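Residue-level listing of the chains:
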Amino acid sequence: MDKLLITGGKTLSGTLRVSGAKNSALKILAGTLLTEEPVSIGNVPHLHDVTTMIELLGSLGADVVLDEKMRVEVTAANLKSVRAPYELVKTMRASFVVLGPLLARFGRAEVSLPGGCAIGARPVDQHLKGLAALGARIDLADGYVRAEMDGRLKGADITFDLVTVGGTENVLMAATLAEGTTRIANAAREPEIVDLANFLNAMGARISGHGTSTLIVEGVERLSGCRFDVMPDRVEAGTYLIAAAATGGRVRLTEAAPDTLDAVIEKLECSGAEIRCDVNSIELDMHGRRPRAVDIRTDVYPGFPTDMQAQYLAMNAIAEGDSRVTETIFENRFMHVQELNRLGAQIELENASTALVHGVARLKAAPVMATDLRASFSLVVAALMAEGTTLIDRIYHIDRGYETIEEKLQLLGADVQRVR
Ligand code: EPZ
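Report follows, based on the coordinates.

Thresholds applied
Just so you know, the residues in each chain are numbered from 1, in the order the chain's sequence is written. With the structure being a predicted model, the display of local features is reserved for residues of pLDDT at least 70 and the display and counting of side-chain atom pairs for 80 or more, all residues being used for whole-chain, interface and lining totals. Calculated side-chain values reflect all of the structure's heavy atoms, with hydrogen atoms and water omitted. Planes of paired rings set the category: under 30 degrees apart is stacked, over 60 is edge-to-face and the rest tilted, where pairs are Phe, Tyr or Trp rings (Trp by its six-membered ring) whose centres lie within 6.5 Å. Numbering of helices and strands runs from the N terminus; a helix is a DSSP stretch of H or I covering at least four residues, while a strand is a stretch of E covering at least two. Each residue's exposure class comes from its accessible area (1.4 Å probe, protein chains only) as a fraction of the maximum for that residue type: buried when under 20%, exposed when over 50%, partly exposed otherwise. Throughout, a disulfide means two cysteine sulfur atoms within 2.5 Å of one another. The salt bridge definition used is simple: a Lys or Arg side-chain nitrogen within 4 Å of an Asp or Glu carboxyl oxygen.

**Side note on the packing of aromatic side chains**
In step 1: The final tally for this structure, using the stated rule, is four aromatic pairs.
In step 2: Between Tyr240 and Phe377, the aromatic rings sit 5.5 Å apart at their centres with planes inclined by 80 degrees, giving edge-to-face as the arrangement. Of this pair, Tyr240 sits in helix α8 (residues 234–246) while Phe377 is found in helix α12 (residues 373–385), placing the two residues 137 residues apart along the sequence.
In step 3: What makes Tyr240 buried here is its relative accessible area of 1%.
In step 4: Since its relative accessible area comes to 0%, Phe377 is described here as buried.
In step 5: The interplanar angle of 80 degrees and the centroid separation of 5.7 Å between the aromatic rings of Phe304 and Tyr312 together place this pair among those described as edge-to-face.
In step 6: Judged by relative accessible area, Tyr312 falls into the buried class, the value being 0%.
In step 7: Members of the aromatic cluster, joined through ring pairs, are Tyr240, Phe377 and Tyr402.

Given below as structure tokens:
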């Protein structure tokens, strides 16, 4: 199993190109199932989760061709199956979003229930509620969701009980091919939803309101092929900004989308970073300063993203002062706290959703273990700041969502190696 060896104490400095967004690419790839025509997707990040989605499309019978720049062409003309098996869904929950597209195009789909995961129970009730409102008959049996429909789905008014990114995406994709108009209220406003809606509109869908909490979808009879480039990964960008800030360094990110990072940039400024943004680049400079402690409360977009909570918590661990970090999206997203404490951090869990961080002057290397994707990067941030060499085990979690992590960190001057 791969591990990362990081010797701390280097100040990160340099320029990085931001990769395409994992959480947008995965849904867009699922969306290619909505048409029999070839669809060409660019700026797809080279990640394990993307490979899993491509494997899933292949197992359904789609023809997938990749070029050396990770432009992916999918032709879902002759599917041989509408079943997403447990083996694939259990390795990546995002596979569940093929349910909406398969159901809308073929009138039936069978997708394994994803089950719980390291960050919480993560039910899919809202996905199913939305698809049922569009007229699908839904059964749960043998660990699978079976959805069926005679003829086309029917447009409906749907109000989600809570804001769900995946639920919004599944129902949005299904509604594109429904008969009549669908109105999705309390929809997620995340930039990845906007990217997905732009992609679907490029295929001929008629979606409006994306980026607001009400989506209007006028169903069309068929969608066609298109060429589309995935948006920049805001979580990857934010993560490297935090890593550079934590080491007192400076970084320039290119091919980024600064307008998707307002909440994170605001917090980094409170921590003492000087930040300048252009249309598609971000420059951060800490001028060698130790960060100031800043309270964080995660929220749905445009609030502070849960996917950057762990990394910010790691920076707060060596910041000047005490801080409170509150997680409101997932019920179990503090697994990194114990690992950070192994490195000498002083973090106490007040309850399941609040961590109290007492900033310490230094961390010290120790062997640690990654528990989930973003938590893993918090250990990287901590290791970059720690005295000595930290061994981070189970980094397959990191490879699910951070492209060529050691190369990118080395470009910024970090002392990092992958070992087997
Ligand atoms: C997406 O997960 C992202 N994953 C997550 O990123 C991200 O943390 C999350 O959105 C929130 O921004 C992908 O896009 C692949 P949700 P998703 O449905 O869609 C509850 C990463 O590290 N809920 O918005 O699964 C749920 O349990 C990953 O890249 C229900 O109760 O998130 C959670 O508490 C981790 N019923 C909350 O809503 C439902 O039917 C938000 O979940 C659906 C969700």
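**Regarding the state of the cysteines**
In step 1: All chains considered together, the criterion is met by zero disulfides.
In step 2: Unpaired in terms of disulfides, Cys270 finds its nearest cysteine sulfur in Cys277, a separation of 14 Å.
In step 3: Residue classification places Cys277 among the partly exposed positions, given a relative accessible area of 44%.

**Brief notes about the pattern of salt bridges**
In step 1: A complete count under the given rule lists 26 salt bridges for this structure.
In step 2: A salt bridge links Asp229 to Arg71, with the shortest nitrogen-to-oxygen separation between them at 2.6 Å. Here the residue Asp229 occupies a position in strand β14 (residues 227–229), and Arg71 occupies one in the loop between β4 (63–66) and β5 (72–75), the gap between them amounting to 158 residues.
In step 3: The residue Arg418 makes a salt bridge to Asp399 at a minimum N-O spacing of 2.8 Å. Within this pair, whereas Arg418 is found in strand β24 (residues 415–419), its partner Asp399 is found in helix α13 (residues 396–399), the two being separated by 19 residues in sequence.
In step 4: Judged by relative accessible area, which is 25%, Arg418 ranks as partly exposed.
In step 5: What makes Asp399 buried here is its relative accessible area of 13%.
In step 6: Each of Asp2, Asp399, Glu406, Arg418 and Arg420 takes part in one network of salt bridges that share partners.

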